[in-house]
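# Report on the structure
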Amino acid sequence: MKRRVVSAALACMLACACVPVTAACAPRDEVLKIYNWGDYIDEELIGDFEEWYAEETGKNITVQYDTFDTNESMIMRIEVLKSDYDLVCPSDYMAQRMITGGLAQKVDREIFDMTADGFLYDGLAEMVEPFDANNEYFVPYVWGTFGIMYDTNHIDPQSEEMRSWSAMWSDDYSKRILMKDSVRDAYSVARIYGNTQKLSDLSDGFGDYNDAYRNELNSYFTEISDAAIAEAQALLIEQKHKLYKYEVDDGKNDMLAGTTDAWLGLFWSCDAGLIMQEDGGDHFYYEVPKEGSNVWVDGWIIPKYAGNYVAANYFLKFINLYDDEHDFAMRNFDYMGSSMAGKTVMEEAKAALEEDDGTDEESVLYGKDPWFKQMYIDMMFPPEDVLARCGVMGDFGKARSTDLDSMWIDVKTG
């Protein structure tokens, strides 16, 4: 669930390349309008798509590429303003809202069939099933987990304390903790932490992540009540006094630069991966706590008001192409540094990391400590035991989402 700001290169592209004057004057069927998270694609692929589309269809296309920073700002444009974007990239719970609310169109399987054998990475179809059972509307794009990332300059690698959400409430780390300024993520963590004993009992001390455990965990992501909100609010207020600060994007960079007093925090795996790939990023560890966590999935939807349905489907085909003739999906994976939906790309990238001996200066594993390799692989390609203790967020509905927003305001201002 990315919330990164637009990079300088992408900002320049958006200003100068992606919305040329001719796009405003071109016939609508020669323009593809994409609305995506900032910094969420290899920008060189935009031009490649325009060339590939011409070769594939014999027609010209110009991409108009705009960005958003929250699911809520995106849905406002689609649901209220009825903007005719051809593709948007909501997160799981917002995709559910769009599908159930009649704001999504089915993907054209004659152009792009995401149900083909071997397309989706193992387990992704099951994650999406609760809100798109037949894989008709939502095309998974980027996914990952959220967990605790911590600085091993201050906390031992593979620390047992960091295997539990209790670390985020610990007096031992008071004023060293970062918390996401994101109501749904904060609420979910508080719900899991507040029900630690119940989850432990159901899973035999977190040794057996069985159906009873998973049903309970999933309820925290899909069901909401006044009592649940009150419980989470009390825990978040308690935590607030131990935090270094709330943050969304700057925390990881501050930790990398060493310009913060924070040692640990709630992070999305994609952002943890980003700084681990940077120079000096070899002293961070990422852990999905034993009590349970979230698998987030961002993916493509063709909105109800799309003006170029055909080009939207061709773009879905393009962005997932990886074969003997095309490397688009792998290039995007290399740029994003995140877990991607395509099975072939993921399996090939994982195999390369497993064989990597860390001697190549261009490798993310170069010069890293022995513990880093397996941690990084497990973060990028979550194993079965990690996915077994993760749930996918669902849509709480407009009314309950408003209640949750009010709770968050009370937490932060109280």
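As the structure is a computational prediction, the values presented were derived from the model and not from experiment.

Thresholds, definitions, all that
Residues numbered from 1 in each chain as written. Predicted model: local features only at pLDDT ≥ 70, side-chain atom pairs only at ≥ 80, totals over all residues. Heavy atoms only, no water. Buried < 20%, exposed > 50% of the residue type's maximum accessible area, 1.4 Å probe, protein only. Helix = DSSP H or I, 4+ residues; strand = E, 2+ residues; numbered from the N terminus. Pairing = 2+ DSSP bridges. Expected span 1.5 Å × (residues − 1). Arc of directions from axis to C-beta. Phe/Tyr/Trp six-rings, centres within 6.5 Å; stacked < 30°, edge-to-face > 60°. Disulfide = S-S within 2.5 Å. Polar contact = N/O pair within 3.5 Å; in protein donor to acceptor, adjacent residues only side chain to side chain. Contact = heavy atoms within 4.5 Å.

### With respect to the pairing of strand β8 (residues 264-268)
Buried residues dominate β8, accounting for five of its five residues. On β8, burial covers both faces: Leu264, Leu266 and Trp268 on one face and Gly265 and Phe267 on the other are all buried. Bridge count for strand β6 (residues 177-180) against β8 is two bridges, and the pairing is parallel. Note on β8: the bridge partner recorded for Leu178 is Gly265.

### A look at helix α18 (residues 398-413)
One turn of the α-helix equals 3.6 residues, which is why residues spaced by three or four share an orientation. Between the first and last C-alpha of α18 there are 23 Å, a value that for 16 residues agrees with the 22 Å anticipated at 1.5 Å per step. Inspection of α18 places Ser401, Leu404, Met407, Trp408 and Val411 among the buried residues, and these make up the whole buried set. With its buried residues spanning 115° around the axis, α18 presents them on a single face. The outward face of α18, more than 90 degrees from its buried face, is lined by the exposed residues Lys398, Ala399, Ile409 and Thr413.

### Topic: unusual backbone geometry
Phi angles above zero are rare outside glycine, and Asp39 is one such case at about 60°. Assignment of secondary structure puts Asp39 in the loop between β1 (31-37) and α3 (44-57). A residue is classified by how much of its surface remains accessible, and Asp39, at 12% relative accessible area, is buried. One non-glycine residue, Asn135, lies in positive phi territory at about 50°. Checked against the element boundaries, Asn135 lands in the loop between α6 (124-128) and β5 (139-151).

### Section: the packing of aromatic side chains
Enumeration according to the criterion identifies 27 aromatic pairs in this entry. Both rings, one in Phe49 and one in Trp52, keep their centres 6.1 Å apart while their planes meet at 35°; by these two values the pair is tilted. A residue pair is termed a helical-turn pair when its members lie 3 or 4 positions apart in one helix, as Phe49 and Trp52 do in helix α3 at three residues. Across the pair, exposure class does not vary: Phe49 and Trp52 are buried alike. Note on Phe112 and Phe119: the rings are 5.5 Å apart at their centroids and 85° apart in plane angle, and the pair reads as edge-to-face. Residue classification places Phe112 among the buried positions, given a relative accessible area of 7%.

### Examining the state of the cysteines
Applying the stated criterion across every chain yields a total of zero disulfides. Cys89 forms no disulfide, and the closest cysteine sulfur to it belongs to Cys270, at a distance of 12 Å. The exposure class of Cys270 is buried, given its relative accessible area of 2%.

### Thoughts on the side chain of Glu247
One can find Glu247 in strand β7 (residues 243-247). Of note is the side chain of Glu247, whose polar atom sits 2.9 Å from the backbone nitrogen of Gly251. Residues contacting Glu247, with those up to four places away along its chain left out, are Leu178, Met179, Lys180, Asp181, Lys252, Leu266 and Phe267.

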